[in-house]
Amino acid sequence: MAQPPTPDRRHLVLVVEDEPAIADLVVLHLQHAGFATHVERDGAAAVEAVARHTPAVVILDIGLPGQDGIEVCRALRSAGDWTPVLFLTARDDHVDRVVGLELGADDYITKPFSPRELVARVQAVLRRSRPLHPDAELLRSGAVECDLAGRRVLVDGAEVPFTATEFDLLTHLITTPGRVFTRPQLLQAAWGEDALLTLAGERTVDVHVAQVRAKLALTR
Ligand code: CA
């Protein structure tokens, strides 16, 4: 199994959580794994902090006072900010999970979570948001173009925002046309070596594939 990516001090994680005990726990584990952290307690402060600190990843609690996590994610995305977002959800909060992914979140963690799971998820999101190939390259399939260096998707020449996970799924499907994939194969493609650690369930694959389809179809 490949080694997980080495955490880098440049990788700032913004933790948005109003419960101090949970925020402290998240910060403790992230710092132990080598990440820099910044904590905000409410949604409005979180939106400002993303602009001010440009974190590599945002860990976003859904249950926040005032503007909740879903509204924060929606505000970021509608402002064209595609910083990877990892939601913190309450146990068995299925509606929130689906809504979160449809909002352009990259993943979610259900409370209570293990430190190992938390760090693995953050590392997986970071790995997925890196350029696939440093040498600029375009993948093309019909009207769809994937800019691998910039991780941008163009449909008929117009940019369509994709999350890191959606981008990896799309490029995987485009580079292997005509093949039918099982859900575990797609999990492996988009989640890589971390698939087993970060296995959020095959339903996650369904949701992401549906999102990719919807984004491609919306523009036609
Ligand atoms: Ca909360």
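Residues numbered from 1 in each chain as written. Predicted model: local features only at pLDDT ≥ 70, side-chain atom pairs only at ≥ 80, totals over all residues. Heavy atoms only, no water.

Undergrad: Explain the packing of helix 2 (residues 43-53) against helix 3 (residues 69-78) here, please?
TA: Pairs of packed helices are described in terms of their axes, by the angle between the two and the distance that separates them. Close contact between helix 2 and helix 3 brings their axes to 9 Å; oriented N to C, the two are set at 30°. Taken as axis vectors, helix 2 and helix 3 run roughly parallel relative to one another. Regarding helix 2 and helix 3, the two cross each other, and that crossing is right-handed. Two secondary-structure elements touch here, helix 2 through Gly43, Ala46, Val47 and Val50 and helix 3 through Val72, Ala75 and Leu76. Across the contact of helix 2 with helix 3, the residue classes break down as six nonpolar, one polar and no charged. (Axes fitted to C-alpha atoms, helices over the stretch in contact; angles between N-to-C directions. Helix = DSSP H or I, 4+ residues; strand = E, 2+ residues; numbered from the N terminus. Parallel < 35°, antiparallel > 145°, perpendicular 65-115°, else oblique. Left-handed = near helix turned anticlockwise from the far one by under 90°. Contact = heavy atoms within 4.5 Å. Nonpolar A, V, L, I, M, F, W, Y, C, P; charged D, E, K, R; others polar.)

Undergrad: What is the right way to read the sheet that holds strand 7 (residues 144-147) from this model?
TA: Sheet strands associate in pairs through backbone hydrogen bonding, adopting either a parallel or an antiparallel arrangement. What the four strands build is an open sheet, ordered 6-7-8-9; its pairing is antiparallel. Looking at strand neighbours, the two that pair on one side only are strand 6 (138-141) and strand 9 (158-160), the edges of this open sheet. Each neighbouring strand pair of the sheet contributes to a mean axis angle of 30°, computed without reference to strand direction. Pairing geometry for strand 8 (residues 152-155) and strand 9, over three bridges, is antiparallel. (Pairing = 2+ DSSP bridges.)

Undergrad: When you look at unusual backbone geometry in this model, what are you seeing that I'm missing?
TA: Glycine aside, residues mostly have negative phi, and peptide bonds are mostly found in the trans state. At the junction of lysine 111 and proline 112, the peptide bond is cis and its omega measures out at -5° in the coordinates. The topology assignment puts proline 112 in the loop between strand 5 (107-110) and helix 5 (115-128). Despite not being glycine, threonine 54 has its phi angle at roughly 40°, a positive value. Note on placement: threonine 54 falls in the loop between helix 2 and strand 3 (57-61). Of the residues examined, threonine 54 reaches a relative accessible area of 61% and is grouped as exposed. Even without a glycine there, the phi angle at aspartate 156 is positive, about 50°. In this fold, aspartate 156 is placed in the loop between strand 8 and strand 9. On the accessibility criterion, aspartate 156 (54% relative accessible area) is exposed. (Buried < 20%, exposed > 50% of the residue type's maximum accessible area, 1.4 Å probe, protein only.)

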